[in-house]
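Chain residues, written in single-letter form:
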Amino acid sequence: MRRRPLARKKLSDMVEEELEQMIRRREFAEGEQLPSERELMAFFNVGRPSVREALAALKRKGLVQISNGERARVSRPSADTIISELSGVAIDFLSRPGGIAHFEQLRLFFESSLVRYAAEFASDEQIARLGKALEMNSQSLDDNELFIRSDIEFHRELAEIPDNPIFMAVHVALLDWLIAARPAVPQEELHAHNNVSYQQHIEIYRAIEARDPDAADAALKAHLKSVFAAYYRSPGKRSAKK
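Just so you know, these numbers come straight off a predicted model, no measurement behind them. (Residues numbered from 1 in each chain as written. Predicted model: local features only at pLDDT ≥ 70, side-chain atom pairs only at ≥ 80, totals over all residues. Heavy atoms only, no water.)

As a further point, take the side chain of Arg-107. Mapped onto the elements of the fold, Arg-107 is located in helix α6 (residues 99-121). What makes Arg-107 buried here is its relative accessible area of 5%. (Helix = DSSP H or I, 4+ residues; strand = E, 2+ residues; numbered from the N terminus. Buried < 20%, exposed > 50% of the residue type's maximum accessible area, 1.4 Å probe, protein only.)

Another aspect to go through is unusual backbone geometry. One non-glycine residue, Arg-26, adopts positive backbone phi at about 65°. In this structure, Arg-26 sits in the loop between α1 (11-24) and α2 (37-44). Taking relative accessible area as the criterion, Arg-26 reaches 63% and is therefore assigned exposed. In this structure, Arg-211 takes a positive phi of about 60° despite not being glycine. The residue Arg-211 is located in the loop between α10 (187-209) and α11 (213-232) in this model. Judged by relative accessible area, Arg-211 falls into the partly exposed class, the value being 34%.

On to the pattern of salt bridges, then. Using the criterion set out here, one finds 21 salt bridges in the structure. Lys-61 is paired through a salt bridge with Glu-20; the nearest N and O atoms lie 2.7 Å apart. In this pair, Lys-61 sits in the loop between α3 (48-60) and β1 (64-65) while Glu-20 sits in helix α1, placing the two residues 41 residues apart along the sequence. Judged by its relative accessible area of 32%, Lys-61 falls in the partly exposed class. Residue Glu-20 is classed as buried on the basis of its relative accessible area of 13%. Ionic pairing is found between Asp-92 and Arg-96, a salt bridge with its closest N-O pair at 2.9 Å. Salt bridges sharing partners connect three or more residues here, namely Glu-125, Arg-129, Glu-153, Arg-156, Glu-157 and Glu-160. (Salt bridge = Lys/Arg side-chain N within 4 Å of Asp/Glu carboxyl O.)

Listed below in structure tokens is the structure:
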């Protein structure tokens, strides 16, 4: 066998691993403050940079909260923490050829399941909240920025129906990533598309209200394909339309 020297771990990585194990063993309870940076430096016999790097890594994992002027406090990772860790990878993937189309397909698959679930299991109260979001749609048709917010709210209500925090975190992240990656589109085109989106939301709502999963699924797929076309229509087609 040829010699393969092992990579040496950074001091900050070793501090991070030890602190993480101590937190998971509940040597520090949730909500409890960790020792000060100076105390951690003495305990691990390392410098301040190693301690700070370790605490920053634990913060990214959702295991500690850090406020200015206060000692780090132990916390519990949430679904949002898990998803936020993927943000950098997602943004990089979106910038690759075909990346946006792949994420749009992911959203279509995900929301397709959401509307089918909603049509079968949504409570009357949840359907009523979806109806209020639809009303917000109708009141913001003439304002592109407000309509985008009301559009997001309508889809957010769909994501809340299963009452699963992971679904909600995934949905919020997907929309954030996709909206940030969308190209600029002339305001007059967006304004025209607002009415189309609103009518499609009505179809989704009515199918859910009628407890028809197939109709809800078909309406949702038509809507998302329409949204994708509005933002990613080729420049030639956009010019021809004008």
